[in-house]
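# Residue-level structural notes
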Amino acid sequence: MRILYVEDEKFLAEAVIHMLKKEKISVDWAVDGEEGLSLALKPHYDVIVLDIMLPRLSGLEILKTIRNRGVKTPVIMLSALNEVEDKIKGLDYGADDYLAKPFKTTELIARLRALVRRPALADAKVLCFEDLELDLGNRSLNGVELTDKESEIIEMLMKAPGSAVTKEQILAHVWGAESEFDDNYVEVYISYLRKKLKSIKTKASIKTIRGLGYKLIYV
Ligand code: CA
(Lines give C-alpha, C1' and ligand atoms only; values in the text may rest on other atoms or scores of the structure.)
Protein backbone atom coordinates (compact mmCIF):
# COMPACT_ATOMS: atom_id res chain seq x y z
CA MET A 1 0.00 0.00 0.00
CA ARG A 2 1.26 3.45 -0.86
CA ILE A 3 -0.26 6.55 0.62
CA LEU A 4 0.12 10.29 0.36
CA TYR A 5 0.11 12.01 3.73
CA VAL A 6 -0.37 15.78 3.73
CA GLU A 7 0.45 17.16 7.18
CA ASP A 8 2.34 20.26 8.26
CA GLU A 9 2.89 19.29 11.90
CA LYS A 10 6.35 17.81 11.69
CA PHE A 11 6.45 15.83 14.94
CA LEU A 12 3.04 14.34 14.47
CA ALA A 13 3.79 13.41 10.88
CA GLU A 14 7.08 11.77 11.73
CA ALA A 15 5.53 9.70 14.50
CA VAL A 16 2.69 8.56 12.25
CA ILE A 17 4.99 7.77 9.33
CA HIS A 18 7.22 5.74 11.61
CA MET A 19 4.26 3.58 12.62
CA LEU A 20 2.96 3.24 9.06
CA LYS A 21 6.32 2.07 7.80
CA LYS A 22 6.40 -0.60 10.46
CA GLU A 23 3.15 -1.86 8.94
CA LYS A 24 4.78 -1.92 5.49
CA ILE A 25 2.77 1.05 4.28
CA SER A 26 4.89 3.34 2.16
CA VAL A 27 4.31 7.02 2.64
CA ASP A 28 4.98 10.13 0.59
CA TRP A 29 4.80 13.08 2.91
CA ALA A 30 3.82 16.56 1.78
CA VAL A 31 4.28 19.41 4.28
CA ASP A 32 2.03 22.04 2.74
CA GLY A 33 -1.10 22.34 0.66
CA GLU A 34 0.54 23.16 -2.65
CA GLU A 35 2.92 20.26 -2.55
CA GLY A 36 0.05 18.08 -1.34
CA LEU A 37 -2.10 19.07 -4.29
CA SER A 38 0.54 18.44 -6.91
CA LEU A 39 1.24 14.98 -5.48
CA ALA A 40 -2.44 14.18 -4.94
CA LEU A 41 -3.09 14.64 -8.66
CA LYS A 42 -0.73 11.78 -9.45
CA PRO A 43 -2.18 8.31 -9.80
CA HIS A 44 0.35 6.68 -7.47
CA TYR A 45 -1.63 6.37 -4.29
CA ASP A 46 -4.02 3.88 -2.75
CA VAL A 47 -5.22 6.43 -0.20
CA ILE A 48 -4.63 10.12 0.47
CA VAL A 49 -4.59 11.28 4.10
CA LEU A 50 -5.34 14.98 4.19
CA ASP A 51 -5.03 17.31 7.12
CA ILE A 52 -7.44 20.24 6.83
CA MET A 53 -5.42 23.07 8.37
CA LEU A 54 -2.41 23.44 6.10
CA PRO A 55 -0.22 26.31 4.97
CA ARG A 56 -0.80 27.66 1.43
CA LEU A 57 -3.83 25.56 0.54
CA SER A 58 -6.26 23.87 2.90
CA GLY A 59 -7.03 20.18 2.85
CA LEU A 60 -10.59 20.98 1.79
CA GLU A 61 -9.35 22.97 -1.20
CA ILE A 62 -7.08 20.12 -2.20
CA LEU A 63 -9.94 17.65 -1.92
CA LYS A 64 -12.28 19.83 -3.96
CA THR A 65 -9.70 20.35 -6.68
CA ILE A 66 -8.72 16.72 -7.09
CA ARG A 67 -12.35 15.55 -7.16
CA ASN A 68 -13.16 18.20 -9.78
CA ARG A 69 -10.31 16.88 -11.87
CA GLY A 70 -11.64 13.35 -11.67
CA VAL A 71 -9.16 11.89 -9.16
CA LYS A 72 -11.02 9.10 -7.38
CA THR A 73 -8.34 8.04 -4.92
CA PRO A 74 -9.96 7.43 -1.50
CA VAL A 75 -9.37 10.31 0.92
CA ILE A 76 -9.29 10.36 4.72
CA MET A 77 -9.62 13.86 6.17
CA LEU A 78 -7.97 14.79 9.46
CA SER A 79 -9.03 17.66 11.63
CA ALA A 80 -9.37 18.79 15.20
CA LEU A 81 -12.20 17.25 17.15
CA ASN A 82 -14.38 20.36 17.34
CA GLU A 83 -14.38 21.18 13.65
CA VAL A 84 -17.68 19.50 12.87
CA GLU A 85 -18.30 21.85 9.98
CA ASP A 86 -15.06 20.76 8.33
CA LYS A 87 -16.12 17.18 8.62
CA ILE A 88 -19.43 17.86 6.90
CA LYS A 89 -17.74 19.89 4.17
CA GLY A 90 -15.14 17.21 3.68
CA LEU A 91 -17.75 14.54 3.18
CA ASP A 92 -19.65 16.88 0.84
CA TYR A 93 -16.55 17.37 -1.27
CA GLY A 94 -16.09 13.65 -1.62
CA ALA A 95 -13.94 12.50 1.29
CA ASP A 96 -14.32 8.79 2.07
CA ASP A 97 -13.57 8.93 5.74
CA TYR A 98 -12.79 11.33 8.53
CA LEU A 99 -10.60 11.05 11.56
CA ALA A 100 -10.61 13.54 14.43
CA LYS A 101 -7.32 14.71 15.89
CA PRO A 102 -5.81 13.51 18.12
CA PHE A 103 -6.13 9.98 16.74
CA LYS A 104 -4.38 6.71 17.41
CA THR A 105 -2.17 5.61 14.54
CA THR A 106 -3.60 2.11 14.87
CA GLU A 107 -7.02 3.61 14.14
CA LEU A 108 -5.66 5.34 11.04
CA ILE A 109 -4.10 2.08 9.87
CA ALA A 110 -7.39 0.24 10.32
CA ARG A 111 -9.22 2.90 8.30
CA LEU A 112 -6.56 2.79 5.55
CA ARG A 113 -6.88 -0.97 5.28
CA ALA A 114 -10.67 -0.74 5.13
CA LEU A 115 -10.49 1.78 2.28
CA VAL A 116 -8.00 -0.26 0.31
CA ARG A 117 -10.13 -3.36 0.65
CA ARG A 118 -13.20 -1.59 -0.65
CA PRO A 119 -12.18 -0.97 -4.26
CA ALA A 120 -10.57 -4.40 -4.37
CA LEU A 121 -13.97 -5.91 -3.69
CA ALA A 122 -15.64 -3.77 -6.31
CA ASP A 123 -12.98 -4.76 -8.81
CA ALA A 124 -13.48 -8.48 -8.29
CA LYS A 125 -15.91 -8.59 -11.14
CA VAL A 126 -15.19 -11.95 -12.67
CA LEU A 127 -17.02 -14.83 -11.05
CA CYS A 128 -15.92 -18.39 -11.81
CA PHE A 129 -17.51 -21.82 -11.60
CA GLU A 130 -15.60 -24.71 -13.19
CA ASP A 131 -15.03 -23.56 -16.78
CA LEU A 132 -17.57 -20.75 -16.56
CA GLU A 133 -16.46 -17.16 -16.26
CA LEU A 134 -19.04 -14.51 -15.60
CA ASP A 135 -17.82 -11.00 -16.24
CA LEU A 136 -19.98 -8.78 -14.05
CA GLY A 137 -18.54 -5.66 -15.65
CA ASN A 138 -19.86 -6.22 -19.16
CA ARG A 139 -22.34 -8.95 -18.24
CA SER A 140 -20.94 -11.71 -20.37
CA LEU A 141 -20.56 -15.42 -19.77
CA ASN A 142 -17.48 -16.89 -21.45
CA GLY A 143 -17.74 -14.05 -23.93
CA VAL A 144 -21.45 -14.51 -24.63
CA GLU A 145 -23.49 -11.43 -23.89
CA LEU A 146 -26.23 -11.75 -21.26
CA THR A 147 -29.19 -9.55 -20.47
CA ASP A 148 -29.23 -7.92 -17.03
CA LYS A 149 -31.66 -10.47 -15.64
CA GLU A 150 -29.85 -13.47 -17.10
CA SER A 151 -26.64 -12.19 -15.59
CA GLU A 152 -28.21 -11.69 -12.16
CA ILE A 153 -29.70 -15.19 -12.17
CA ILE A 154 -26.53 -16.98 -13.25
CA GLU A 155 -24.63 -14.91 -10.68
CA MET A 156 -26.92 -16.21 -7.92
CA LEU A 157 -26.42 -19.79 -9.08
CA MET A 158 -22.66 -19.43 -9.41
CA LYS A 159 -22.42 -17.98 -5.92
CA ALA A 160 -24.22 -21.01 -4.49
CA PRO A 161 -22.31 -23.92 -6.00
CA GLY A 162 -23.80 -27.27 -5.07
CA SER A 163 -26.95 -25.89 -3.53
CA ALA A 164 -30.36 -25.10 -4.87
CA VAL A 165 -31.63 -21.59 -5.32
CA THR A 166 -35.37 -21.33 -5.08
CA LYS A 167 -37.62 -19.62 -7.60
CA GLU A 168 -38.79 -17.33 -4.83
CA GLN A 169 -35.24 -16.27 -4.07
CA ILE A 170 -34.59 -15.55 -7.72
CA LEU A 171 -37.84 -13.66 -8.10
CA ALA A 172 -37.17 -11.57 -5.01
CA HIS A 173 -33.57 -10.82 -5.97
CA VAL A 174 -34.01 -10.13 -9.66
CA TRP A 175 -37.51 -8.72 -9.89
CA GLY A 176 -37.85 -7.32 -6.37
CA ALA A 177 -39.69 -8.55 -3.30
CA GLU A 178 -42.86 -6.64 -4.10
CA SER A 179 -42.83 -8.07 -7.56
CA GLU A 180 -46.08 -8.67 -9.37
CA PHE A 181 -44.28 -11.10 -11.64
CA ASP A 182 -44.63 -14.80 -11.09
CA ASP A 183 -42.63 -18.00 -11.27
CA ASN A 184 -43.10 -18.26 -15.02
CA TYR A 185 -40.70 -15.39 -15.54
CA VAL A 186 -38.01 -17.31 -13.73
CA GLU A 187 -38.66 -20.37 -15.87
CA VAL A 188 -38.46 -18.35 -19.05
CA TYR A 189 -35.15 -16.79 -18.08
CA ILE A 190 -33.74 -20.14 -16.95
CA SER A 191 -34.54 -21.49 -20.42
CA TYR A 192 -32.73 -18.53 -22.04
CA LEU A 193 -29.74 -19.23 -19.83
CA ARG A 194 -29.76 -22.92 -20.72
CA LYS A 195 -29.60 -22.02 -24.40
CA LYS A 196 -26.65 -19.76 -23.78
CA LEU A 197 -24.86 -22.40 -21.72
CA LYS A 198 -25.38 -24.81 -24.60
CA SER A 199 -23.95 -22.33 -27.07
CA ILE A 200 -20.72 -22.01 -25.12
CA LYS A 201 -20.25 -25.77 -24.97
CA THR A 202 -19.63 -26.01 -21.25
CA LYS A 203 -20.36 -29.09 -19.17
CA ALA A 204 -22.05 -26.82 -16.66
CA SER A 205 -25.81 -26.87 -16.72
CA ILE A 206 -28.77 -25.70 -14.71
CA LYS A 207 -30.58 -28.56 -13.10
CA THR A 208 -34.17 -28.31 -11.96
CA ILE A 209 -34.65 -29.70 -8.45
CA ARG A 210 -38.32 -30.50 -8.11
CA GLY A 211 -40.00 -28.51 -5.42
CA LEU A 212 -36.76 -26.72 -4.58
CA GLY A 213 -35.53 -24.65 -7.45
CA TYR A 214 -32.40 -24.65 -9.54
CA LYS A 215 -28.86 -25.75 -9.08
CA LEU A 216 -25.77 -25.24 -11.18
CA ILE A 217 -24.02 -28.55 -11.82
CA TYR A 218 -20.99 -29.67 -13.79
CA VAL A 219 -20.85 -33.16 -15.21
CA1 CA B 1 -2.23 21.13 10.24
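Because the structure is a prediction, the values reported are computed rather than measured.

Helix and strand counts for the protein stand at eight helices and eleven strands. For the protein, the C-alpha radius of gyration of 24 Å lies well beyond 17 Å, the compact-globule estimate for 219 residues. Considering only C-alpha atoms, the protein reaches an extent of 70 × 35 × 30 Å along its principal axes. Classification of the 219 residues of the protein by burial places 40% in the buried group. Partitioning the contacts of the protein with sequence separation of at least 6, the portion at a separation of at least 24 is 54%. A distance of 6 Å separates the average location of the 33 positive side-chain charges in the protein from that of its 35 negative side-chain charges.

This part is about the coordination of the calcium ion. Around the calcium ion, the donor atoms from the protein are Asp8 (OD), Asp51 (OD) and Met53 (O), and they sit 2.1 to 2.3 Å away. Each donor residue of the calcium ion lies on one chain, and together they are spaced D-x42-D-x1-M. Pair noted here: aspartate 8 is in the loop between strand 1 (2–6) and helix 1 (10–22) and methionine 53 is in the loop between strand 3 (47–51) and helix 3 (59–68), with a separation of 45 residues, a long-range link. For aspartate 8, a relative accessible area of 30% gives the class partly exposed.

Another aspect to go through is the pattern of salt bridges. If you walk through the whole model with that rule in mind, you get 15 salt bridges. Of the charged contacts, one joins lysine 196 and glutamate 150 as a salt bridge, the two residues approaching to 2.8 Å between their closest N and O atoms. With lysine 196 in helix 8 (residues 183–199) and glutamate 150 in helix 6 (residues 148–159), this pair connects stretches of sequence that are 46 residues apart. A residue is classified by how much of its surface remains accessible, and lysine 196, at 22% relative accessible area, is partly exposed. Relative accessible area serves as the criterion here: at 3%, glutamate 150 is assigned to the buried category. It is possible to trace a salt-bridge network through shared partners that takes in Glu7, Glu9, Asp51 and Lys101.

Before going further, it helps to spend a moment on the sheet that holds strand 5 (residues 97–101). Read from one edge to the other, the open sheet built from five strands follows the order 2-1-3-4-5, with strand pairing classed as parallel. In the strand order of this sheet, the two ends are held by strand 2 (26–30) and strand 5, each with one partner. Sheet twist, expressed as the mean angle between neighbouring strand axes with direction ignored, is 20°. Each of strand 1, strand 3 and strand 4 (75–80) touches helix 3; the most contacted strand, strand 4, lies at about 160° to it.

Moving on, we come to the domain arrangement of the protein. You can read the domains of the protein as domain 1 (2–117) and domain 2 (126–218). A C-alpha centroid distance of 43 Å is found between domain 1 and domain 2.

Let us look at helix 3. Among the residues of helix 3, those classed as buried are Gly59, Leu60, Ile62, Leu63 and Ile66. Projected down its long axis, helix 3 shows its buried positions confined to an angular sector of 160°, all on one face. Tucked inside the fold, the buried residues of helix 3 contact strand 1, helix 2 (33–40), strand 3, strand 4 and helix 4 (84–92). Phi for glycine 70, located one or two positions after helix 3, is positive at around 85°.

Another point: the sheet that holds strand 9 (residues 144–145). Strand order in the open sheet formed by four strands is 6-7-8-9, with antiparallel pairing between adjacent strands. If you trace the sheet from one side to the other, it starts and ends with strand 6 (126–129) and strand 9, each paired once. Here two bridges tie strand 8 (residues 140–141) to strand 9, and the two strands are oriented antiparallel to one another. Residue pairing in the sheet places serine 140 in a bridge with glutamate 145 of strand 9.

Attention shifts here to the nonpolar core. Formed by 26 residues in total, the largest nonpolar core has its most connected members in Leu132, Leu141, Ile154, Met158, Ile170 and Ile206. Mapped onto this core, the elements with two or more residues apiece are strand 6, strand 7 (132–135), helix 6, helix 7 (167–175), helix 8, strand 10 (204–209) and strand 11 (213–218). Considering every element that reaches this core, the biggest residue donor is helix 6, with five residues. Once you skip the residues sitting within four places of it in the chain, isoleucine 154 turns out to touch Leu134, Leu141, Leu146, Leu193, Ile206 and Leu216. Ranked by size, the runner-up nonpolar core spans 21 residues in total, among them Ala30, Ala40, Leu54 and Ile62.

The rules behind each value
Residues numbered from 1 in each chain as written. Predicted model: local features only at pLDDT ≥ 70, side-chain atom pairs only at ≥ 80, totals over all residues. Heavy atoms only, no water. Helix = DSSP H or I, 4+ residues; strand = E, 2+ residues; numbered from the N terminus. Rg over C-alpha atoms; globule rule 2.2 N^0.38 Å. Buried < 20%, exposed > 50% of the residue type's maximum accessible area, 1.4 Å probe, protein only. Contact = heavy atoms within 4.5 Å. Lys, Arg positive; Asp, Glu negative; His and termini not counted. Charge placed at Lys NZ, Arg CZ, Asp CG, Glu CD. Donors = N, O, S within 2.8 Å, 3.2 Å for Na, K, Ca; no water. Salt bridge = Lys/Arg side-chain N within 4 Å of Asp/Glu carboxyl O. Pairing = 2+ DSSP bridges. Axes fitted to C-alpha atoms, helices over the stretch in contact; angles between N-to-C directions. Domains from an automatic or database assignment. Arc of directions from axis to C-beta. Core = buried A, V, L, I, M, F, W, Y, C linked by side-chain atoms within 4.5 Å.

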